[in-house]
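Spelled out, the chains give:
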2 protein chains.
Amino acid sequence: MMKVGVLGAGQLGRMLALAGHPLGLDLVFVDPAPGSPAGALASQSVHGYDDPRAVAALSTCDVVTYEFENVPEKAVRQLEQSVRVMPSVEALAVAQDRLREKTTFHELGIPSARFAAAQTVGEFDAAVKQIGFPCVAKTRRLGYDGKGQMVLRSGREAAAAWKALGSTALIVEQLVPFERELSIIAVRGRYGVTRFYPLVQNEHRNGILHISRAPAAVTPQLQATAEDYARRLLERFTYVGVLTLELFQVDGALLANEIAPRVHNSGHWTIEGAVTSQFENHLRAVVGLPLGETTALCPSAMINLIGEIPEASRLLELPDTHLHLYGKAARPGRKLGHVTVRAPDAQRLEASIAAVIAAL
Amino acid sequence: MMKVGVLGAGQLGRMLALAGHPLGLDLVFVDPAPGSPAGALASQSVHGYDDPRAVAALSTCDVVTYEFENVPEKAVRQLEQSVRVMPSVEALAVAQDRLREKTTFHELGIPSARFAAAQTVGEFDAAVKQIGFPCVAKTRRLGYDGKGQMVLRSGREAAAAWKALGSTALIVEQLVPFERELSIIAVRGRYGVTRFYPLVQNEHRNGILHISRAPAAVTPQLQATAEDYARRLLERFTYVGVLTLELFQVDGALLANEIAPRVHNSGHWTIEGAVTSQFENHLRAVVGLPLGETTALCPSAMINLIGEIPEASRLLELPDTHLHLYGKAARPGRKLGHVTVRAPDAQRLEASIAAVIAAL
């Protein structure tokens, strides 16, 4: 029985656990706090990334992975001394820092919005001038779900932003007038095999992912371009596991927005909608098993449950509708679960999405 | 968060747990022994059906169900004093006793093989004479996977059977020259809604289920007949949950063989092969949620892993192949897991089954 350590124990860890048990994997989760969504499904659960108990538990694992990218890089580098960590700490470090992320895109020839970095208020003013309005100021670190960023449309907004974002290292990006947001979930196995799920179309609300539709209606060329960009990243990091690349579609071209070195909210539809789920494929990759097919079974969509849990019976009476709750207490703005709907065609999928939204 | 108590904690309980977490259910398992397949996935796990701690844990549940039919009827009747038990103890009691089971089929007008009961060796001789050779002698209680039964083809075999089967209450049945073995998984919700999965074709080896193919190639009439028989049973018991009816096809007609008042090995294909799995539908039923669709997504098959666990990589490199291990130690004749394959058509399904068998 292979033992897999997971840093982080939120809903992504929970769904990794649900995929890992049938594969006969023994999962150990490390989380800063007790009572985590994954904890109830783990064979062992320890707290604190640098707690000696956690380090000891992880060092007996065959492989350690993460479901959360804000694990301290230093803690992961220390872990690497005693156990194999996948994906590599380099991918994690790049994903943690928006400047390194954008620089990596640039180095790999992956188009992205124009950007400039700032460490001081003076550099920030210069960066805003260089990029021009409208632009987005983002903290280099620790932003997620629209947090740690501000859209700037005027000098007055810019003047307030440096302080509002914490007087910390920032990146200023051109605000891209995108037609739509897409993402691609890619996976690379231990022996270099790569697989790509079909592009997903994402719709955000208040900075948080609201709906993902898969497969996105795109040309084969666009799919091939997205796969090409994702493959460059996988190869750059000799990556093992699932990597997510978020993209903007602008004038028919793709601009890279950000990467997540892990399974991703925009890939939850794969549990019911693809031959192999992103969770199973991530685990297959890190333990050295052959990757599963990434083909979509039919059109499907994922709708996030944010802030409150609706009455389950109103959702489950809808056709081919699947509920995934994360075992978290309700709190405004918190991701508490998601719903997946499948349909035989795009038209019926839209009807199902509308019915789910009405039931929320 | 609804709390569901489950009597038994084997692989069926494990798969109930995997289906229950996404629905936000809190599952408590009661099992005679520690280290059970379901234990690792339970929020709580207690031992011994009549242990006061187990009874106390279960009495705080919203509903108690079972994944194992040899739970003492008396213990369940006692539990019913303090908590709702579903399906009803009557269904359990009938399923535990082959004589009551066959008598119930007879009362409900469901055809089955001719049978006679015996409490003493004299009655046994008379029963064998009445039914004639070939026949099958089965213990009324505690038989499973071909255990507790003997095929009798001659007076000499019959003479040895009474003692060999433990000098206990028996039932003697006509040995039916069936064309094939089928089963139907049926589910009834709390409010009387019934749903039926397509008939499954089962192939046994050494008395243990080896392969299930679904949907079985049958006429709509045969499907309707099977549903009719299953519905009579569901209504007879005001049943809530999944009920399995095993059938023989003989000369184009169906004969009932036995029932299981629970999710069933011949329904494991529903995890990947149907819109809603039998595990999810059982839980939806007992907690009062609407039932999910029981339609098959495509042809699929389930192959049991008996006695030893094959190398996972040999299985997982096959197309649309899904591994389910139960976390049990290997032992000859023991069900350790199963493999599900899906295919776009029956021909490719057979190729996949052959590839799985070759990889075992």
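A quick note: this is a predicted structure, and the numbers were derived from the prediction, not measured.

1. Some words on the overall build of chain A
Inference 1: For chain A, the helix and strand inventory stands at 12 helices and 17 strands.
Inference 2: Counting all 360 residues of chain A, 60% fall into the buried class.
Inference 3: Sequence separation of 24 or more characterises 61% of the internal contacts of chain A that already satisfy a separation of 6 or more.
Inference 4: Computed over 36 positive and 36 negative side-chain charges, the inter-centroid distance for chain A is 3 Å.

2. Topic: the relation of the copies chain A and chain B
Inference 1: Each copy of the sequence occupies a distinct position, and chain A is placed on chain B by a rotation of 180° and an axial shift of 0.0 Å, giving an RMSD of 0.0 Å. The superposition operator between the copies reduces to a two-fold rotation axis. Among all C-alpha atoms of chain A, that of Leu41(A) lies closest to the rotation axis, at 2.5 Å.
Inference 2: With an isologous cut-off of 70% or more, the 100% of interface residues of chain A that recur at the interface of chain B puts this contact in the isologous class.

3. Quick word on the pattern of salt bridges
Inference 1: Enumeration over the complete set of coordinates arrives at 26 salt bridges over all chains.
Inference 2: The partner of Arg98(B) in a salt bridge is Glu258(B), with the nearest N and O atoms 2.9 Å apart. Of this pair, Arg98(B) sits in helix α5 (residues 98-107) while Glu258(B) sits in strand β14 (residues 253-260), and the two are 160 residues apart along the sequence. Taken as a pair, Arg98(B) and Glu258(B) share a single burial class, namely buried.
Inference 3: Linking Arg348(B) and Asp345(B) is a salt bridge whose minimum nitrogen-to-oxygen distance equals 2.7 Å.
Inference 4: Here Asp345(B) falls in the partly exposed class, since its relative accessible area comes to 24%.
Inference 5: Counted as one network, the salt bridges with shared partners bring together Glu73(A), Arg77(A) and Glu90(A).

4. So, the interface of chain A and chain B
Inference 1: Each partner contributes residues to the interface: chain A has 30 residues there, and chain B has 30 residues.
Inference 2: Both faces combined, the contact of chain A with chain B buries some 2400 Å², and carbon together with sulfur accounts for 60% of it.
Inference 3: There are zero salt bridges connecting chain A and chain B.
Inference 4: On inspection of chain A and its partner chain B, the count reaches 12 residue pairs in polar contact (both at pLDDT 80 or more).

5. Overview of the sheet that holds strand β6 (residues 135-139) of chain B
All names here are of chain B.
Inference 1: Spatially, four strands are ordered β5-β8-β6-β7 in an open sheet, and the strand pairing comes out antiparallel. Looking at the sheet topology across the chains shown, the edges are occupied by β5 (115-118) and β7 (149-152). When the angles between neighbouring strand axes are averaged without regard to direction, this sheet yields 20°.
Inference 2: Here five bridges tie β6 to strand β8 (residues 170-174), and the two strands are oriented antiparallel to one another. By the bridge assignment, Thr139 is partnered in β8 with Leu170.
Inference 3: Relative to β5, helix α6 (residues 121-131) is tilted by about 170°, and along the sheet it contacts β5, β6, β7 and β8.

6. Details of the packing of aromatic side chains
Aromatic ring pairs are reported here in terms of the distance separating the ring centres and the angle at which the planes meet.
Residues and elements named next belong to chain B.
Inference 1: The final tally for this structure, using the stated rule, is six aromatic pairs over all chains.
Inference 2: Consider the rings of Phe178 and Phe248, whose centres lie 4.6 Å apart with planes at 5°: the pair is stacked. Taken together, the residues Phe178 in the loop between β8 and β9 (180-188) and Phe248 in strand β13 (residues 241-250) connect sequence positions 70 residues apart.
Inference 3: Its relative accessible area of 34% is what places Phe178 among the partly exposed residues.
Inference 4: In this structure Phe248 comes out as buried when scored by relative accessible area, which is 13%.

7. Side note on the pairing of β6(B)
All names here are of chain B.
Inference 1: Burial analysis of β6 places five of its five residues in the buried class, which makes it a mostly covered element.
Inference 2: Neither face of β6 is left uncovered, since the one carrying Cys135, Ala137 and Thr139 and the one carrying Val136 and Lys138 both have all their residues buried.
Inference 3: In the sheet, β6 pairs with β7 via four bridges, with the strands oriented antiparallel. Across the sheet, Lys138 pairs through a bridge with Gln149, a residue of β7.

8. Topic: helix α6 (residues 121-131) of chain A
Each α-helix turn comprises 3.6 residues. Residues three or four places apart therefore point the same way.
All names here are of chain A.
Inference 1: Buried within α6 are the following residues: Phe124, Ala127, Val128 and Ile131. Looking straight down α6, one finds that the buried residues subtend no more than 100° of arc, so they occupy a single side. Counted as exposed and oriented over 90 degrees from the buried face of α6: Lys129 and Gln130.
Inference 2: Buried residues belonging to α6 abut β5 (115-118), β6 (135-139), β7 (149-152), α7 (155-164) and β8 (170-174).

9. Some words on the side chain of Glu173(A)
Residues and elements named next belong to chain A.
Inference 1: With respect to the helices, strands and loops of the structure, Glu173 is situated in strand β8.
Inference 2: Judged by relative accessible area, Glu173 falls into the buried class, the value being 3%.
Inference 3: The contact partners of Glu173, leaving out residues within four places of it in the chain, are Lys102, Arg114, Phe115, Ile131, Cys135, Val136, Lys138 and Asn257.

10. Some details on the sheet that holds strand β4 (residues 63-66) of chain A
Residues and elements named next belong to chain A.
Inference 1: Within the open sheet, the four strands sit side by side as β3-β2-β1-β4. Their pairing is parallel. Looking at which strands have only one partner, the edges of the open sheet turn out to be β3 (44-47) and β4. Neighbour to neighbour, the strand axes of the sheet diverge by 25° on average, direction disregarded.
Inference 2: Direction of pairing for strand β1 (residues 3-7) relative to β4: parallel, over a ladder of four bridges. Residue pairing across strands places Val6 opposite Thr65, the latter belonging to β4.
Inference 3: Sheet strands in contact with helix α1 (residues 11-20) are β1 and β2 (26-31), and its direction is about 170° off that of β2.
Inference 4: Its contacts with the sheet put helix α2 (residues 52-59) on β1, β2, β3 and β4, and the angle it makes with β3 is roughly 145°.

What counts, and at which threshold
Residues numbered from 1 in each chain as written. Chains lettered and ligands numbered in written order. Predicted model: local features only at pLDDT ≥ 70, side-chain atom pairs only at ≥ 80, totals over all residues. Heavy atoms only, no water. Helix = DSSP H or I, 4+ residues; strand = E, 2+ residues; numbered from the N terminus. Buried < 20%, exposed > 50% of the residue type's maximum accessible area, 1.4 Å probe, protein only. Contact = heavy atoms within 4.5 Å. Lys, Arg positive; Asp, Glu negative; His and termini not counted. Charge placed at Lys NZ, Arg CZ, Asp CG, Glu CD. Least-squares fit on C-alpha atoms with pLDDT ≥ 70 in both. Salt bridge = Lys/Arg side-chain N within 4 Å of Asp/Glu carboxyl O. Buried area = accessible area lost by both parts, 1.4 Å probe. Polar contact = N/O pair within 3.5 Å; in protein donor to acceptor, adjacent residues only side chain to side chain. Pairing = 2+ DSSP bridges. Axes fitted to C-alpha atoms, helices over the stretch in contact; angles between N-to-C directions. Phe/Tyr/Trp six-rings, centres within 6.5 Å; stacked < 30°, edge-to-face > 60°. Arc of directions from axis to C-beta.

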